[in-house]
Amino acid sequence: MKRIAILGSTGSIGKSTLNIVESFPDRFSVVSMAAGNNVELAFEQARRWRPQILSMANAEAANQVQDKLNKAGLGTAIETVHGSAGSVRVSTHPDADFVVSAIVGVAGLEATYQAVKAGMTVGLANKECLVAAGDLITAEARKQGKPLLPIDSEHNAIHQAMRGGRRNEVQRVWLTASGGPFLHTSASEFANITVEQALNHPTWKMGKRITIDSATLMNKGFEVIEACRLFDMPPSQVSVLVHPQSTIHSMVEFVDGSLLAQLSVTDMRLPILYALCYPDRIASDLRFPVEELRRLDFLPPDLDKFPCLRLAYQAVEAGGTKTIALNAADEVAVAAFLEGSIGFQDIPATIEAVVRETPARIPESIEEVLAVDNNARLRARDRIQCVSSRETAVLTPPALRPK
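Here the structure is a predicted model, which means the values were calculated and not measured. (Residues numbered from 1 in each chain as written. Predicted model: local features only at pLDDT ≥ 70, side-chain atom pairs only at ≥ 80, totals over all residues. Heavy atoms only, no water.)

Visitor: So what about the overall build of the protein chain? Which residues, and what values?
Guide: Helix and strand content of the protein chain: 15 helices and eleven strands. Against the compact-globule benchmark of 22 Å for 403 residues, the protein chain has a radius of gyration of 21 Å, which places it among compact chains. Within the span of the protein chain, comprising 403 residues, buried residues form 54% of the whole. Counted over contacts in the protein chain with a minimum sequence separation of 6, partners at least 24 positions apart contribute 72%. Only carbon and sulfur atoms are counted for the fraction: they give 50% of the accessible area of the protein chain, which is about 17,900 Å². When the 41 positive and 45 negative side-chain charges of the protein chain are each reduced to one mean point, those points stand 1 Å apart. (Helix = DSSP H or I, 4+ residues; strand = E, 2+ residues; numbered from the N terminus. Rg over C-alpha atoms; globule rule 2.2 N^0.38 Å. Buried < 20%, exposed > 50% of the residue type's maximum accessible area, 1.4 Å probe, protein only. Contact = heavy atoms within 4.5 Å. Areas by Shrake-Rupley, 256 points an atom, 1.4 Å probe, with all protein chains shown as cover. Lys, Arg positive; Asp, Glu negative; His and termini not counted. Charge placed at Lys NZ, Arg CZ, Asp CG, Glu CD.)

Visitor: Which residues make up the side chain of H159, and what values do they have?
Guide: Topologically, H159 is positioned in helix α7 (residues 153–162). Looking at H159, the relative accessible area reads 15%, which means it is buried. Not counting chain neighbours up to four residues away, the residues in contact with H159 comprise L149, P150, F231, Y274 and Y278.

Visitor: Which residues make up the nonpolar core, and what values do they have?
Guide: Core analysis: the biggest nonpolar cluster contains 86 residues, and I137, L326, F344, I347 and I351 have the highest contact counts within it. Here this core takes ten residues from helix α13 (residues 321–339), the largest share from any one element. In this structure, I351 is in contact with M218, C308, L311, L326, A329 and D330, ignoring residues within four places of it in sequence. Residues L18, A46, A62 and I282 belong to the second largest nonpolar core, which totals 37 residues. (Core = buried A, V, L, I, M, F, W, Y, C linked by side-chain atoms within 4.5 Å.)

Visitor: For the pairing of strand β11 (residues 259–263), give the residues involved together with the corresponding values.
Guide: Pairing analysis gives five bridges linking strand β10 (residues 248–254) to β11, with the strands arranged antiparallel. Pairing of E253 across the sheet is with L259, part of β11. What sits between the antiparallel neighbours β10 and β11 is a turn of four residues, in which G257 has the positive phi angle 100°. (Pairing = 2+ DSSP bridges.)

Visitor: Describe the packing of aromatic side chains, and please don't skip the residues or the numbers.
Guide: Applying the stated rule across the entire model yields seven aromatic pairs. Centre to centre, the rings of Y274 and Y278 are 6.0 Å apart; their planes meet at 55°, and the pair counts as tilted. With relative accessibility at 28%, the residue Y278 sits in the partly exposed group. Three or more aromatic residues link up through ring pairs in this structure, and these residues are F182, F190, F306, F337 and F344. Directly above the aromatic system of W49 lies the positively charged group of R48, at a separation of 3.9 Å from the ring centroid. Directly above the ring of W174 sits R172, whose terminal nitrogen or CZ lies 5.7 Å from the centroid. (Phe/Tyr/Trp six-rings, centres within 6.5 Å; stacked < 30°, edge-to-face > 60°. Lys NZ or Arg CZ within 6 Å of the ring centre and 35° of its normal.)

Visitor: Help me get a handle on helix α14 (residues 346–357), residues and values and all.
Guide: Taking 1.5 Å of rise per residue, the twelve residues of α14 would be expected to cover 16 Å, and the 16 Å separating its terminal C-alpha atoms lies within 8% of that figure. Residues of α14 that are buried include every one of D346, I347, P348, T350, I351, A353, V354 and V355, and no others. (Expected span 1.5 Å × (residues − 1).)

Visitor: Talk me through the packing of helix α2 (residues 39–49) against helix α3 (residues 59–71); I want residue IDs and the actual numbers.
Guide: Two numbers describe how α2 lies on α3: the axes approach to 10 Å, and their chain directions differ by 45°. With respect to each other, α2 and α3 are oriented oblique. The element α2 and its partner α3 pack so that their crossing is right-handed. Across the interface between the two elements, V39, E40, A42, F43 and A46 of α2 pack against A61, Q64, V65, K68 and L69 of α3. For the contact of α2 with α3, a count of residues per class yields seven nonpolar, one polar and two charged. (Axes fitted to C-alpha atoms, helices over the stretch in contact; angles between N-to-C directions. Parallel < 35°, antiparallel > 145°, perpendicular 65-115°, else oblique. Left-handed = near helix turned anticlockwise from the far one by under 90°. Nonpolar A, V, L, I, M, F, W, Y, C, P; charged D, E, K, R; others polar.)

Function cannot be read off these values alone, since they describe shape.
Here you go:
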């Protein structure tokens, strides 16, 4: 029986993980969970899975869940905590032996790092952890002698394909991208892209931030950085191909020219199951309809139309604080776009400015990483405020502008 701690239980990866646990009750159990602000869903999950500890994003949400648990007669059976410290308690619970890291953004960074430091096996669905602090996390994993198992479908595919040869036989890895909703949209139309259009992903059903990141191809940029750090490869050996069908999730090219590709259904339960069971495989009903396979299209990404991918390659080449700033600025810019404060093209412009303004250095602790992250967010918010003010001035008739 594998005992699981879930960071991000109310998100899409967390819910898929719980679906796997429900499908294989003889193999998996839930020991601890960290949720966000969704009080109703967190309470229902706690009532169903009876974790020993449940952490919420803040004290208010924790108190609301605690009240519901008390009324349900579960107040003494489930301990409710909150915040970053609560997430760390979830990820380092002494009864857990596998941690699913699925909190979006750097909010899950400290809990993930502490889980690795505590000697846990970690399944990573939070790519921002490796983007912001990959060198620190991978160094600690090597020190502990425990694997970091990717749950992202692309890196999970690479992990699977790499089992077909020795590490020193790998020449290159190929990450595939669906191209998002604007693959065939002219760059001249990008200024008018709406939030609703950007959230209409053609293949995957995901959270809002990752869906916008897929539309800008920043998500693929993060995956390039994650691949460099997970598999200890220079960015020159990590390539991206646009593959609209999303049938092949990634490929590994070996020194003799052989290519191993991983194909599967577009269902996150499969990479989660792979990570949970590694190094074994168990039977499931997640079948790919091979008989329906008709065509596979590939084309290079347009770095002029999607500059976020170019910015990611530049950041990982520089390393250190540059990738931290990249992630922080993107998170702030995407939030501003979703709120309607800036346009779609302002996302890469904000990121480029913040990364350029961030001094280059190599952080030596998680505290340093978080400090750089905070400074980058402040820079991003300042720039967004300036952009928003300029756009308001342009749209406001001269007679109504303040004098």
